[in-house]
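Read off the chains here:
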Amino acid sequence: MASTIRVRAVASGDSTEVQSLIQHPMDSGFVKDSKGELIPAHHIEVVTFEHGGKVVFTAYWGPAVSKDPYVKFKFKGGKKGDDLKVSWVDNKGASDSMVAKIQ
Amino acid sequence: MTCFPDAPDAARRLLLKGALAGGLAGLGFAASGSFAFADADANANAKDWPADAFKQKGEAETLKDLYGKAAEVSDKITLDAPEIAENGAVVPVSVASTLPNVTAISILVLENPNTLAAAYKIPEGTEPSVSNRLKMAKTSKVVAVVEAGGKLYSASKEVKVTVGGCGG
């Protein structure tokens, strides 16, 4: 199965810029479907980014984060070819993770 | 459009608040580091998620739940968001700061059903800068809150929303 996570990490100088897109409905729990029934909240709660055995960034998301969430950040260190591990878990207990190479 | 549900069970919230009041400072990602980093190899862990803070309404209540303190306005925070967002479902918001020792950044949308949209933990070595995309129910003040050196600072901006992000 294709990963839900797309990540692009580029090392430049002494820092690495990370952009990631995760496929997820991020249902807020406030929207009704065509039958007028509320679509229950279904959203990612936590995303972690790990490099060299250290968590370099953690996101805590509520239902107000847009569908297929995007996030960008930068951390110091990280070289071309290093692993960057991304993992998420949602409010229904589903999760996914992947390891990307820093470019 | 049905963006705003009836008020959540206020009594339950009060109870939760009471029960957790003591622990919340620790639950927020305080500089104490009581929270996370324990197991660097672990995957994203849902138990770290500050559930109560995400249920709050209002800036003061949310910050109290998340960090156990209030924020003061700072000009060392850059909050980048559009003046007018045509589509409230996808509003790009970026926050950066020149404050030293930033440990956390969070973004609040005051007119949303729940105020807190996203919170980020910034460990040492990570730059105090984050970009993401948020949903906005309607025109609202967006507040960026930065925790630096154990204190909270904020900056805000009004974003006009033409079509609310509630899909309704």
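Residues numbered from 1 in each chain as written. Chains lettered and ligands numbered in written order. Predicted model: local features only at pLDDT ≥ 70, side-chain atom pairs only at ≥ 80, totals over all residues.

1. Focus on the overall build of chain B
The number of helices and strands found in chain B is three helices and nine strands. Seen in sequence order, chain B has helices and strands lined up from the N terminus as α-α-α-β-β-β-β-β-β-β-β-β. Residues counted as buried form 43% of the 168 residues belonging to chain B. Pairs at least 24 apart in sequence give 68% of the contacts found in chain B among residues at least 6 apart. (Helix = DSSP H or I, 4+ residues; strand = E, 2+ residues; numbered from the N terminus. Buried ≥ 20, exposed ≤ 12 C-beta atoms within 10 Å, placed from the backbone. Contact = placed C-beta atoms within 7 Å.)

2. Brief notes about the nonpolar core
Membership of the largest hydrophobic core comes to 67 residues, with the highest contact counts inside it found for Ala118(B) and Leu134(B). With sequence-adjacent residues up to four places away left out, Leu134(B) is seen in contact with Ala64(A), Val65(A), Ser66(A), Val91(B), Val93(B), Ile107(B), Val109(B), Ala117(B) and Ala118(B). (Core = buried A, V, L, I, M, F, W, Y, C linked by C-beta atoms within 7 Å.)

3. Considering the environment of Phe30(A)
Residues and elements named next belong to chain A. As for its position among the elements, phenylalanine 30 is in the loop between β2 (15-22) and β3 (44-51). Phenylalanine 30 sits in the buried class, given 24 other C-beta atoms within 10 Å. Put simply, phenylalanine 30 and alanine 41 are 11 residues apart on the chain and 7.5 Å apart in space, counted from C-alpha to C-alpha.

4. A look at the pairing of strand β4 (residues 54-61) of chain A
Regular strands have side chains that alternate between both faces of the sheet. The buried fraction of β4(A) is high, at seven of eight residues. As paired strands, β3(A) and β4(A) are joined by six bridges and run antiparallel to one another. Among the inter-strand pairings, Phe49(A) is bridged to a residue of β4(A), identified as Phe57(A). Hairpin connection of β3(A) to β4(A): two residues between the antiparallel strands, including Gly52(A) at a positive phi of 60 degrees. Here β4(A) runs beside strand β6 (residues 116-121) of chain B; their pairing, made up of four bridges, is antiparallel. Opposite Tyr60(A), over in β6(B), you have Ala119(B) as the bridge partner. (Pairing = 2+ DSSP bridges.)

5. Comments concerning the confidence of the model for chain B
Low-pLDDT portions of the prediction should not be read for the details of their coordinates. Residues and elements named next belong to chain B. Averaged over every residue, the pLDDT of chain B is 80; the share at 70 or more is 72%. Segment residues 4-41: pLDDT under 50, and 38 contacts once partners within four positions in sequence are set aside and those in other chains are kept. Here the predicted complex carries an ipTM of 0.92, next to a pTM of 0.81. (pLDDT = per-residue confidence, 0-100.)

6. Quick notes on the interface of chain A and chain B
At the interface, 37 residues of chain A touch 41 residues of chain B. Elements represented by at least two residues in the side of chain A that touches chain B include exactly β3, β4, β5 (70-76), β6 (83-90) and β7 (95-101) of chain A. Sorting elements by how many residues they give to the side of chain A that touches chain B places β4(A) first, with eight residues. Judged from the two bridges that link them, β5(A) and strand β7 (residues 129-134) of chain B form a sheet pairing that is antiparallel. Bridge assignment links Lys72(A) to a residue of β7(B), and that residue is Ser131(B).

7. Details of the environment of Glu59(B)
All names here are of chain B. Tracing the chain through its elements places glutamate 59 in helix α3 (residues 59-67). Judged by the 19 C-beta atoms lying within 10 Å of it, glutamate 59 falls in the partly exposed class. Spatially, the C-alpha atoms of glutamate 59 and leucine 108 are 7.2 Å apart, while their sequence positions differ by 49 residues. Not counting chain neighbours up to four residues away, the residues in contact with glutamate 59 comprise Leu108, Leu110, Thr115 and Val143.

8. Concerning the sheet that holds β2(A)
Read across the open sheet, the six strands follow the order β1(A)-β2(A)-β5(A)-β7(B)-β4(B)-β2(B); overall the sheet is antiparallel. Two strands bound the open sheet, and with one partner strand each, they are β1 (5-12) of chain A together with β2 (77-80) of chain B. Averaged over neighbouring strand pairs, the angle between their axes works out to 15 degrees when direction is ignored. Pairing between β2(A) and β5(A): seven bridges, direction antiparallel. Counterpart to Thr16(A) in the pairing with β5(A) is Phe75(A). (Axes fitted to C-alpha atoms, helices over the stretch in contact; angles between N-to-C directions.)

9. Overview of unusual backbone geometry
Although it is not a glycine, Asp68(A) adopts a positive phi angle of roughly 50 degrees. With respect to the helices, strands and loops of the structure, Asp68(A) is situated in the loop between β4 and β5. Assessed through the 15 C-beta atoms surrounding it within 10 Å, Asp68(A) is described here as partly exposed. Unlike most non-glycine residues, Asn101(B) shows phi in positive territory, near 55 degrees. Here Asn101(B) is to be found in the loop between β4 (91-97) and β5 (102-109).

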